[in-house]
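Each chain, written out:
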Amino acid sequence: MRSSEGQDPLQDLLEAFKPLQQQVEERGVGGLGTADLASACERLYPLFEYLGPVFGFAAEDFKHKTKDVAVAAQEFPTVDLIVQYGLDTGTMRKKNGKTRNLQGLKNGCRFVHILFCKMLGSPELKLSAAASEAYKVALEPYHILPVKLAVKAGICTLPSREAFLARLGETETSAMRKFQVFVDCSDTLVEQLEDLYQQALRDTIKR
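Just so we're clear, the structure is a prediction, and the values are computed from it rather than from any experiment.

Caption draft 1: Highlighting the overall build of the chain. For the chain, the count of helices and strands is 10 helices and zero strands. The linear arrangement of helices and strands in the chain, starting from the amino end, is α-α-α-α-α-α-α-α-α-α. For 207 residues, the compact-globule estimate of 2.2 N^0.38 gives 17 Å, and the chain sits close to it at 17 Å. Taken along the three principal axes of its C-alpha coordinates, the chain extends 50 × 40 × 30 Å. Counting all 207 residues of the chain, 49% fall into the buried class. Taking the contacts inside the chain whose residues are at least 6 apart along the sequence as the reference set, 73% of them involve residues at least 24 apart.

Pasting the structure below:
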């Protein structure tokens, strides 16, 4: 279905993430194309925007990290090479470093994954409740205190569940069907990206 802007953001999202799922299944997350991941993450932009200004900082930060990873793809064609670069140069935790930005993409994907899971779990659950839980798990640990407080204070200003789905151009039924497909596509991707990053951190400690 088409959104109020004449787009079909959920279908675009699925068409971008299904090939990523196939890549991960065929050659593991380490062999995932960096440019492919960055391109797919661009399809998450409308979801952040439709949540409203309370997630404005998170949206801009995610866009910055996506663009940085897209540029890095020219030098590091697969994501394992970015992680290895962070390990070799001791920049795994460096703010705005390539590896940290890759982790930021994973966090954004995880946020949407959890948001959709929560909304799938109960048709009565408010968007604010689902988004609050997704933020707490996926994004809050990486934000400074003023941002955390601003999100918590503004979460009540999120649109209603119905209004959010309408902006996406979906009904409850059509949205839940697409949400489930995205959850299935992104589940292993998010899990393995986190494992890849955490293993590199453990290797850093051993050095």
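Caption draft 2: Seen up close, the pattern of salt bridges. All told, the structure shown has nine salt bridges when counted by the stated rule. Among the ionic pairs, lysine 178 bridges to glutamate 170, the shortest N-O distance being 2.9 Å. Relative accessible area serves as the criterion here: at 10%, lysine 178 is assigned to the buried category. If you follow the salt bridges from partner to partner, you end up with Asp8, Glu170 and Lys178 in one network.

Caption draft 3: Examining the packing of aromatic side chains more closely. A complete count under the given rule lists nine aromatic pairs for this structure. With a centroid separation of 5.5 Å and an interplanar angle of 15 degrees, the aromatic rings of phenylalanine 48 and phenylalanine 111 are classed as stacked. Pair noted here: phenylalanine 48 is in helix H3 (residues 45-51) and phenylalanine 111 is in helix H6 (residues 98-121), with a separation of 63 residues, a long-range link. With a centroid separation of 5.3 Å and 55 degrees between ring planes, the pair formed by phenylalanine 55 and phenylalanine 111 is classed as tilted. One end of the pair, phenylalanine 55, is in the loop between H3 and helix H4 (56-72); the other, phenylalanine 111, is in helix H6, with 56 residues separating them in the sequence.

Caption draft 4: Quick peek at the packing of helix H5 (residues 79-89) against H6. Interhelical geometry of H5 versus H6 gives an angle of 135 degrees and a closest axis separation of 8 Å. On the basis of their axis angle, the class for H5 and H6 is oblique. Of the residues in H6, those touching H5 at Val79, Ile82, Val83, Tyr85 and Gly86 are Lys98, Thr99 and Leu102. Here the contact of H5 with H6 is composed, by residue class, of five nonpolar, two polar and one charged.

Cut-offs and rules
Residues numbered from 1 in each chain as written. Predicted model: local features only at pLDDT ≥ 70, side-chain atom pairs only at ≥ 80, totals over all residues. Heavy atoms only, no water. Helix = DSSP H or I, 4+ residues; strand = E, 2+ residues; numbered from the N terminus. Rg over C-alpha atoms; globule rule 2.2 N^0.38 Å. Buried < 20%, exposed > 50% of the residue type's maximum accessible area, 1.4 Å probe, protein only. Contact = heavy atoms within 4.5 Å. Salt bridge = Lys/Arg side-chain N within 4 Å of Asp/Glu carboxyl O. Phe/Tyr/Trp six-rings, centres within 6.5 Å; stacked < 30°, edge-to-face > 60°. Axes fitted to C-alpha atoms, helices over the stretch in contact; angles between N-to-C directions. Parallel < 35°, antiparallel > 145°, perpendicular 65-115°, else oblique. Nonpolar A, V, L, I, M, F, W, Y, C, P; charged D, E, K, R; others polar.

By themselves, these are just geometric observations and shouldn't be taken as functional.
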